[in-house]
Amino acid sequence: MPYKYDDAWHRKQRAFIKRKVRSRRLNPDTVEQYEMWLPQAWELLGRPAPTEPTLQQLENLEADWPVSENSKASRLTVVRAFLRWAGCKAALEWEIQSQAQPKQDRQYLSDTA
């Protein structure tokens, strides 16, 4: 493992993902997404240790992450779960405002008869 990925965030991230896979609460296919989203959040937060982000930083992360509302809701839920597991007190108070919304013009199979 390269030295630049041996900081507190990445060590905790690897342990979090391993634990989720081992407990069968994370599909192995989803591991890639977690491995992508958590470092992105780390970069956007300014590369802190997982216990350091403040509530204001977490709210700024939600406002500044340049993805759609649905993507943001999914990614932030993962980030919040990771930070809570890692012992971040601010993550316990963080309420994610982004919510996944179903696509409005979606056509369902039952509508195609």
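Structure first, text after, so check above.
Residue numbers here run from 1 along each chain, matching the order of that chain's written sequence. Where totals are concerned, whole chains, interfaces and linings use all residues; where local detail is concerned, this predicted model gives features only for residues with pLDDT of at least 70, and gives and counts side-chain atom pairs only at 80 or more. Neither water nor hydrogens contribute to the side-chain values; these are computed over all heavy atoms in the structure.

Participant: Would you take a moment to explain the overall build of the chain for this structure?
Facilitator: What counts as a helix is a DSSP run of H or I of at least four residues, what counts as a strand is a run of E of at least two, and both are numbered from the N terminus. The number of helices and strands found in the chain is 5 helices and 0 strands. The secondary structure elements of the chain, listed N-terminal to C-terminal, are α-α-α-α-α. Each residue gets one of three labels from its accessible area relative to the maximum for its type: buried under 20%, exposed over 50%, partly exposed in between, using a 1.4 Å probe on protein chains only. For the chain, the residues scored as buried account for 33% of the 113 residues in total. Two residues form a contact once any of their heavy atoms are found within 4.5 Å. Of the contacts made within the chain by residues no fewer than 6 positions apart, 62% connect residues no fewer than 24 positions apart. Total accessible area computed for the chain in this model is approximately 7800 Å², and 47% of it derives from carbon and sulfur atoms. Only the protein chains shown count as cover for residues, and the accessible areas themselves come from Shrake-Rupley with a 1.4 Å probe.

Participant: Before we go on, may I ask you to explain the side chain of His10 in this structure?
Facilitator: The residue His10 is located in helix H1 (residues 8–22) in this model. For His10, a relative accessible area of 5% translates into the label buried. Once you skip the residues sitting within four places of it in the chain, His10 turns out to touch Tyr5, Pro39 and Trp42.

Participant: Please explain helix H4 (residues 69–86) as it appears in this structure.
Facilitator: Residues separated by three or four positions in an α-helix point in the same direction, a consequence of the helix having 3.6 residues per turn. With 18 residues, H4 should cover 26 Å at 1.5 Å per step; its first-to-last C-alpha distance of 25 Å lies within 8% of that length. Along H4, the residues that are buried comprise Lys72, Ala73, Arg75, Leu76, Val78, Val79, Phe82, Leu83 and Ala86. On its buried face, H4 sits against H1, helix H2 (31–45), helix H3 (55–64) and helix H5 (89–93). At the exit of H4 stands Gly87, carrying a positive phi of roughly 100 degrees. Multiplying one less than the number of residues by 1.5 Å gives the expected span of a helix.

Participant: For this particular structure, what's the right way to read the packing of aromatic side chains?
Facilitator: The geometry of two aromatic rings is summed up by the distance between their centres and the angle between their planes. A pair of Phe, Tyr and Trp rings is counted when the ring centres sit within 6.5 Å of each other, with Trp represented by its six-membered ring. The angle between the planes then sorts it: under 30 degrees is stacked, over 60 is edge-to-face, the rest tilted. Here the structure, examined in full by the defined rule, presents 5 aromatic pairs. Relative to Trp85, the ring of Phe16 has its centre 5.5 Å away and its plane inclined at 55 degrees; by these criteria the two rings are tilted. Linking Phe16 in helix H1 with Trp85 in helix H4, this pair joins segments that are 69 residues apart in sequence. One aromatic cluster is present, built from ring pairs that chain together Trp9, Phe16, Tyr34, Trp37, Phe82 and Trp85. We note Lys12 situated over the ring of Trp85; from NZ or CZ to the ring centre the distance is 5.6 Å. Put simply, a charge is over a ring when the Lys NZ or the Arg CZ is close to the ring centre, within 6 Å, and near the line of the ring normal, within 35 degrees.

Participant: What should I look at first to understand the side chain of Glu62 in this one?
Facilitator: Within the secondary structure, Glu62 sits in helix H3. Only four residue types enter the charge count, namely Lys and Arg as positive and Asp and Glu as negative; His and the chain termini do not. Within this document, salt bridges are pairs made up of a side-chain nitrogen of Lys or Arg and a carboxyl oxygen of Asp or Glu, the two lying within 4 Å of each other. Within the buried set, Glu62 has no salt-bridge partner at all; the shortest N-O distance to an opposite charge, 6.5 Å, is to Lys72. Contacts of Glu62, omitting those with residues within four sequence positions, involve Lys72, Leu76, Trp94, Glu95, Ile96, Gln97 and Ser98.

Participant: Mind showing me how you'd approach the environment of Glu93 here?
Facilitator: With respect to the element layout, Glu93 can be found in helix H5. For the pair Glu93 and Arg80, spaced 13 residues apart in sequence, the C-alpha separation works out to 9.9 Å.

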